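Coordinate analysis (summary)
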Amino acid sequence: MEFDVVIIGAGAAGLYALHRVRGLGLSAKVFEKGDGVGGTWYWNRYPGARCDVESWDYCYTFSEELEQEWEWTERFPTQPELERYFNHVADRFDLRRDIEFNTRVDQARFDEDQNRWLINTSTGNTVSARFLISAAGCLSEVNTPRLKGAETFAGQQIHTARWPKGGIDVTDKRVGVIGTGSTGVQAIPQLAKQAEHLFVFQRTPQFAIPARNRPIDADQLEELKHNYRERWELKKASPVGMGRRPPEVSSALEVDEATRTRVMEDSWALGGPGFAGTFGDVMTNAESNQITSQFVLDKIRKKIDDPSVADSLLEIDHPLGARRLIVEIDYFETYNRRNVTLVDVAAAPIEEITLQGLRTTEGTYDLDLIIYATGFDGMTGALLAMDIRGVYGLPLRGKWANGAGAYLGLVASGFPNFFMITGPGSPAVFSNVIFSIEQHVDWITDCLGHMLDHDLDRIDADPDAEAEWTRQVDEIAAQTIIGKTDSWWTGSNIEGKPQGVTFYLGGTHTYRAICEEIAAQNYEGFVFRSVDER
Ligand code: NAP
């Protein structure tokens with residue numbers, strides 16, 4: 001089978017990419033590993049899963065009709081609501097007929113002579129395409145630590161991103177959760193309500209801000225619908241693609257204590273991920289960060305009854321925002337329940353999984369169910385899980401052996417006619433990702449339109465332009481607190497992974513302007529081949 005475009009993945013990125021390439025009159029096929037659309041919101045069905053970007057920001061902006069007909073019900077949408085949204089989009093734009101479900105892309109090779117990509121799938125088929133677009137996702141390759149003895153465990157073990165559609169009944173079970181990142185923090189309060197006993201194995205305590213989730217009433221919904229275009233302008237001007245206004249106080253240090261406290265109280269009362277922007281310099285000024293961090297620690301401490309548990313939860317070794325800020329609902333209060341035990345596995349590391357449960361250096365825990373809320377091989381994991389080969393058979397795994405990068409995060413040199421949506425070198429998930437996805441897809445499809453209009457049949461990135469872009473990405477990251485703190489953002493959660501921030505941290509507004517400028521400058525830094533040169 002031959003297509004103009006093959007797209008990998010039917011999440012937020014793949015669905016929109018399919019819609020846009022169809023608009024160019026190109027034939028397209030999407031291969032999707034799961035049996036439904038939605039990507040992240042298809043796979044992450046664990047109890048409590050919900051988006052921590054507000055629903056009115058975490059949605060497509062490309063269709064005003066879609067904006068007007070879809071009715072969000074909560075400030076922070078749950079996984080089922082988001083899965084319904086992406087299914088609605090798939091139906092509304094008639095996307096399903098070009099999606100092959102239950103099909104993984106295993107290998108993609110660029111055939112120099114044919115100037116086409118040859119794609120092998122898990123169903124044993126090979127198809128070819130002029131263009132290959134990865135919409136494989138930044139957080140889709142799960143990370144399950146290889147713990148000694150895991151295969152001997154008599155109970156059930158599951159990663160949160162592989163939670164079954166029918167759910168797991170934890171009633172009367174002794175449950176262990178490993179991991180207290182965004183996922184664990186969402187799942188723990190829900191699991192605690194049902195489990196006979198919940199043991200939380202925490203290695204690194206983290207900051208978490210109350211979500212202050214609430215239903216959206218009819219008046220607010222009307223107002224939201226009325227304001228979508230205004231929000232769109234705000235999102236475009238925002239460094240993280242969110243439709244909120246910039247902080248009223250640019251630095252915690254420039255106001256008196258009473259004003260500072262009032263600003264932090266207001267921000268705390270509002271809740272949600274915007275807390276990292278309480279002052280304009282929280283992420284860049286150590287003193288401002290320290291003031292804000294201390295405020296949060298004091299607030300959280302008041303929620304926890306047992307001071308020693310509070311100590312374990314609050315011995316935080318990094319500045320606020322240096323790891324992805326967690327948004328929580330009833331998380332800290334959960335530790336006041338009698339059926340919940342916090343186990344500090346930094347102090348007493350996990351030694352092994354046994355037939356009956358888990359053993360740390362200080363104790364044994366009998367368990368029926370072990371839940372791995374242990375995150376993902378972010379940014380590059382899903383791309384490198386496939387065997388992607390560019391010119392002269394160059395493997396992407398080889399190219400990125402010492403660190404990943406791509407020109408604008410869009411095209412990796414040596415991999416012609418292969419585009420990545422939210423690839424390494426782009427702002428990706430360091431932003432309201434669905435807004436970044438739209439920007440990427442729009443740029444890619446405009447570029448494809450340019451190629452069709454000008455009889456160009458190959459695009460590649462100039463290696464020098466790519467190297468210079470990667471240098472800029474590294475330079476910006478080195479100036480931030482993010483680059484100095486171990487987390488999945490730096491790849492430190494995956495053994496053997498090259499360390500470093502692969503996000504463009506200069507702001508999505510700046511990134512967008514650079515992408516637009518480069519396109520306007522005749523795609524400076526990209527190398528095209530015209531049909532006549534063949
Ligand atoms: P994560 O932030 O990487 O957290 C993984 C957790 O597992 C950490 O607490 C980690 O401890 C722990 N862990 C890993 N291996 C371990 C081991 N061998 N022993 C003990 N503990 C271990 O993963 P995540 O919580 O899935 O979140 C990943 C990202 O997904 C988030 O940052 C966010 O971008 C996104 N996300 C978003 C939402 C949302 O929108 N609400 C929800 C979930 C996830 P260490 O920190 O010590 O490594």
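The residue numbering used here restarts from 1 in each chain and proceeds along that chain's sequence as written. Selection of residues for local features in this predicted model requires a pLDDT of at least 70, selection of side-chain atom pairs for listing and counting requires 80 or more, and totals for whole chains, interfaces and linings are taken over all residues. Computation of side-chain values covers all heavy atoms of the structure but excludes hydrogens and water.

If a single non-hydrogen atom of a residue is within 4 Å of a molecule or strand, that residue counts as near it. The immediate surroundings of the ligand are formed by 22 residues, with Arg 50, Thr 183, Arg 203, Thr 204 and Trp 488 found nearest. One of the side-chain nitrogen or oxygen atoms of Thr 183 is found 2.6 Å away from an oxygen atom of the ligand. Trp 488 is positioned such that a nitrogen or oxygen atom in its side chain is 2.8 Å from an oxygen atom of the ligand. Compared with its free state, where it exposes 900 Å², the ligand has 88% of that area covered by protein. Counting of polar contacts relies on pairs of N or O atoms within 3.5 Å, with two restrictions inside protein: one atom must be capable of donating a hydrogen and the other of accepting it, and residues adjacent in sequence are counted only when both atoms are side-chain atoms. Shrake-Rupley sampling with a 1.4 Å probe provides the accessible areas, and residues are treated as covered by the protein chains on show and by no other component.

Next up on the list: the pattern of salt bridges. Salt bridges are counted wherever a side-chain nitrogen of Lys or Arg sits within 4 Å of a carboxyl oxygen of Asp or Glu. Within the structure shown, the criterion is met by 33 salt bridges. Here Arg 45 and Glu 83 are joined by a salt bridge, their closest N and O atoms 2.6 Å apart. Residue Arg 45 is found in the loop between helix 2 (40–43) and helix 3 (64–69), and its partner Glu 83 is found in helix 4 (residues 79–92); the two are separated by 38 residues along the sequence. Residues Arg 45 and Glu 83 agree in their burial class; the two are buried. Sharing partners across several salt bridges, the network here consists of Arg 22, Asp 94, Arg 97 and Asp 98. Strands here mean DSSP runs of E at least two residues long; helices mean DSSP runs of H or I at least four residues long; both are numbered from the N terminus. Burial classes: relative accessible area under 20% of the type maximum marks a residue as buried, over 50% as exposed, and values in between as partly exposed (1.4 Å probe, protein chains only).

Before going further, it helps to spend a moment on the sheet that holds strand 15 (residues 364–366). Strand pairing is assigned whenever DSSP identifies at least 2 bridges connecting the two strands. Strand order in this open sheet of three strands is 13-14-15, and the pairing throughout is antiparallel. Two strands lie at the open edges of the sheet, namely strand 13 (350–353) and strand 15, each paired on one side alone. When the angles between neighbouring strand axes are averaged without regard to direction, this sheet yields 20°. Two elements, strand 14 (residues 357–360) and strand 15, share three bridges in a ladder whose sense is antiparallel. Opposite Arg 359, over in strand 15, you have Thr 364 as the bridge partner. Axis definition: a line fit to C-alpha positions, over the contact stretch in the case of helices; interaxial angles, taken between N-to-C directions, run 0 to 180 degrees.

So, on to a negative patch on the surface. Each patch groups residues whose relative accessible area exceeds 30% and which form no salt bridge, using 9 Å between like charges and 5 Å between nonpolar side chains of Val, Leu, Ile, Met, Phe, Trp and Tyr. Asp and Glu count as negative and Lys and Arg as positive, but His and the ends of the chain are not part of the count. By convention, charge coordinates are those of NZ in Lys, CZ in Arg, CG in Asp, or CD in Glu. Taken together, the side chains of Asp 169, Asp 172, Glu 196, Asp 366 and Asp 368 make up a negatively charged region of the molecular surface. Within the secondary structure, Asp 368 sits in the loop between strand 15 and strand 16 (369–372).

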